[in-house]
Amino acid sequence: MDYHINHLKELESESIFIMREVASQFENPVLMFSGGKDSILMVHLAHKAFFPARIPFPLLHIDTGHNFPETIQFRDDLVEKLNAKLIVGSVQDAIDNGTVTEETGINSSRNGLQTAALLEALEKGKYDAALGGARRDEEKARAKERFFSHRDEFGQWDPKNQRPELWNLFNGKHKMGEHFRIFPISNWTELDVWQYLAMENVPLPSLYFAHTRPVFEREGVLLADSDFIMKKDTETVFDEQVRCRTIGDMTCTGVSKSNAKSVEEIIQEISTTRMTERGGRTDDKRSETSMEDRKKQGYF
């Protein structure tokens, strides 16, 4: 299969350049890791950028406590394989400490509670830069980000007050308490990511490939059955062959019917689909500006 190798190598080179810029400009960076394909790509690129040395950034995972078990197992195996340092920020701890209040009801989710746990972890670690795998094609709020995205002392984002980035010059200067979110794969598309992962033969969680699991339908979205989700009396569980297109909190991450059991089949599938990548994320359906609102509050 033709993966447009020159195009993918240009994207790789750009991302590695940005990661090396972060290592040179910031004193204490951290790499955000969710267990999804984009953060796995980020770890792979960081490994290539600094090999044969270890990845110079610790990995930070904000654990909602409602993750797919496969995600946690993949995370732990990858950290052990790369001999990387893992830091876990816990939403459950934030609930127990009274920092946030857990949602209740049928549509309750811990996804929005990640913001407080993230800001707490960044402040505790005194990180001045957090690298993430967000891409501009994911969602309209993501498209407003720079490679170096400034956050104020409260961890908040002002989309109208970002710095220009001309001729690959990045300004990481910041005051005490401020930090940057860094997005090295901003110019990648979902298809680019999958083609690169195939070209590099990067291992991925089993969730991305077609498998049979119990699911139920809610507002046109299939959700994996879980003890974390309260179901309505009218929602019945049935077995279906599905896969995850994105990976997040089980309460809001939809699954899709699929026969794709290899990366090549996934590439063919997304090349013809009309559904956006985040079309199955129920957290994005809460309001038309849900992502932007969360990002202004400190969400990634």
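Quantities reported herein were computed from a predicted structural model and do not represent experimental measurements.

Caption draft 1: Molecular detail of the overall build of the protein. Each helix and strand in the protein was counted, giving eight helices and 10 strands. Roughly 14,500 Å² of accessible area belongs to the protein as shown, and the carbon and sulfur atoms make up 49% of that amount.

Caption draft 2: Here's a closer look at the sheet that holds strand β2 (residues 59-63). Taken in spatial order, the six strands line up as β3-β2-β1-β4-β6-β5 in an open sheet, and their pairing is mixed. Strands at the two margins of the open sheet, each flanked by one partner only, are β3 (86-90) and β5 (148-151). Strand after strand, the sheet turns through a mean of 30 degrees between neighbouring axes, direction not considered. Of the pairings in the sheet, the one linking β5 to strand β6 (residues 179-182) comprises four bridges and is antiparallel in character. By the bridge assignment for β6, Ser-149 is matched with Arg-181. Sitting on the sheet, helix α1 (residues 5-25) touches β1 (29-32), β4 (129-131), β5 and β6, and the angle it makes with β5 is about 40 degrees. Strands β1, β2, β3, β4 and β6 of the sheet are contacted by helix α5 (residues 114-125), whose axis makes an angle of about 145 degrees with β2.

Caption draft 3: Layout of the pattern of salt bridges. Going through the model one piece at a time under the given rule, you end up with 15 salt bridges. Taking the shortest distance from any N to any O, the salt bridge between Lys-257 and Glu-240 comes out at 3.9 Å. Of this pair, Lys-257 sits in strand β10 (residues 254-257) while Glu-240 sits in strand β9 (residues 238-244); the two residues are 17 residues apart in sequence, bridging distant segments of the chain. The partly exposed category is assigned to Glu-240, whose relative accessible area is 22%. It is possible to trace a salt-bridge network through shared partners that takes in Lys-9, Glu-12, Lys-48 and Glu-200.

Caption draft 4: Structural detail: helix α3 (residues 69-82). Here α3 spans 20 Å end to end across 14 residues, near enough to the 20 Å set by a 1.5 Å rise per residue. Listed as buried for α3 are Thr-71, Phe-74, Arg-75, Leu-78 and Val-79. For α3, the angular spread of the buried residues around the axis is 130 degrees, confining them to a single face. Structural note: α3 exposes Pro-69, Glu-80 and Lys-81 on the side pointing more than 90 degrees away from its buried face. Asn-83 occupies a position one or two residues after α3 and carries a positive phi of about 55 degrees.

Caption draft 5: Spotlight on the packing of aromatic side chains. On inspection of all chains with the given rule, the structure shows six aromatic pairs. The rings of Phe-26, Phe-148 and Phe-180 are connected pair by pair, giving a single aromatic cluster. Of note, Arg-136 hangs over the ring of Phe-147, and the distance from its end group to the ring centre comes to 4.9 Å.

Caption draft 6: Structural detail: the pairing of β2. Among the five residues that make up β2, four are buried, leaving the element largely enclosed by the rest of the structure. Viewed along the sheet, the connection from β1 through helix α2 (residues 37-50) into β2 turns out right-handed. One ladder, built from five bridges, connects β2 with β3; its direction is parallel. What sits directly across from Asp-63, in β3, is Ser-90. Regarding the hand of the β-α-β motif, the stretch spanning β2, α3 and β3 is right-handed.

Caption draft 7: Just the environment of His-7, in detail. When you line up the elements, His-7 lands in helix α1. Sequence-wise, His-7 and Asp-192 are 185 residues apart; in three dimensions their C-alpha atoms are separated by 8.8 Å.

Caption draft 8: A look at helix α6 (residues 190-200). Among the 11 residues in α6, eight count as buried, and that is most of the element. Taken residue by residue, α6 has Glu-190, Asp-192, Val-193, Trp-194, Gln-195, Tyr-196, Leu-197 and Ala-198 as its buried positions. Buried residues along α6 sit against α1, α2, β9 and α7 (263-272). With its phi angle positive at about 55 degrees, Asn-201 sits one or two positions after the end of α6.

Caption draft 9: Highlighting the side chain of His-211. By secondary structure assignment, the location of His-211 is in strand β7 (residues 211-218). Engagement of the side chain of His-211 in a polar contact is seen with the side chain of Arg-213, the distance being 2.9 Å.

Caption draft 10: Region of the structure containing the sheet that holds strand β8 (residues 221-224). With respect to topology, four strands assemble into a closed barrel ordered β7-β8-β10-β9, the strand pairing being antiparallel. Neighbour-to-neighbour, the strand axes of this sheet turn through a mean angle of 70 degrees, independent of strand direction. Sheet topology note: the β7/β8 ladder contains four bridges and is antiparallel. When the sheet's bridge partners are listed, Phe-216 is paired in β8 with Leu-223.

What counts, and where the lines are drawn
- Residues numbered from 1 in each chain as written.
- Predicted model: local features only at pLDDT ≥ 70, side-chain atom pairs only at ≥ 80, totals over all residues.
- Heavy atoms only, no water.
- Helix = DSSP H or I, 4+ residues; strand = E, 2+ residues; numbered from the N terminus.
- Areas by Shrake-Rupley, 256 points an atom, 1.4 Å probe, with all protein chains shown as cover.
- Pairing = 2+ DSSP bridges.
- Axes fitted to C-alpha atoms, helices over the stretch in contact; angles between N-to-C directions.
- Contact = heavy atoms within 4.5 Å.
- Salt bridge = Lys/Arg side-chain N within 4 Å of Asp/Glu carboxyl O.
- Buried < 20%, exposed > 50% of the residue type's maximum accessible area, 1.4 Å probe, protein only.
- Expected span 1.5 Å × (residues − 1).
- Arc of directions from axis to C-beta.
- Phe/Tyr/Trp six-rings, centres within 6.5 Å; stacked < 30°, edge-to-face > 60°.
- Lys NZ or Arg CZ within 6 Å of the ring centre and 35° of its normal.
- Right-handed = clockwise from strand over helix to strand, strands pointing away.
- Polar contact = N/O pair within 3.5 Å; in protein donor to acceptor, adjacent residues only side chain to side chain.

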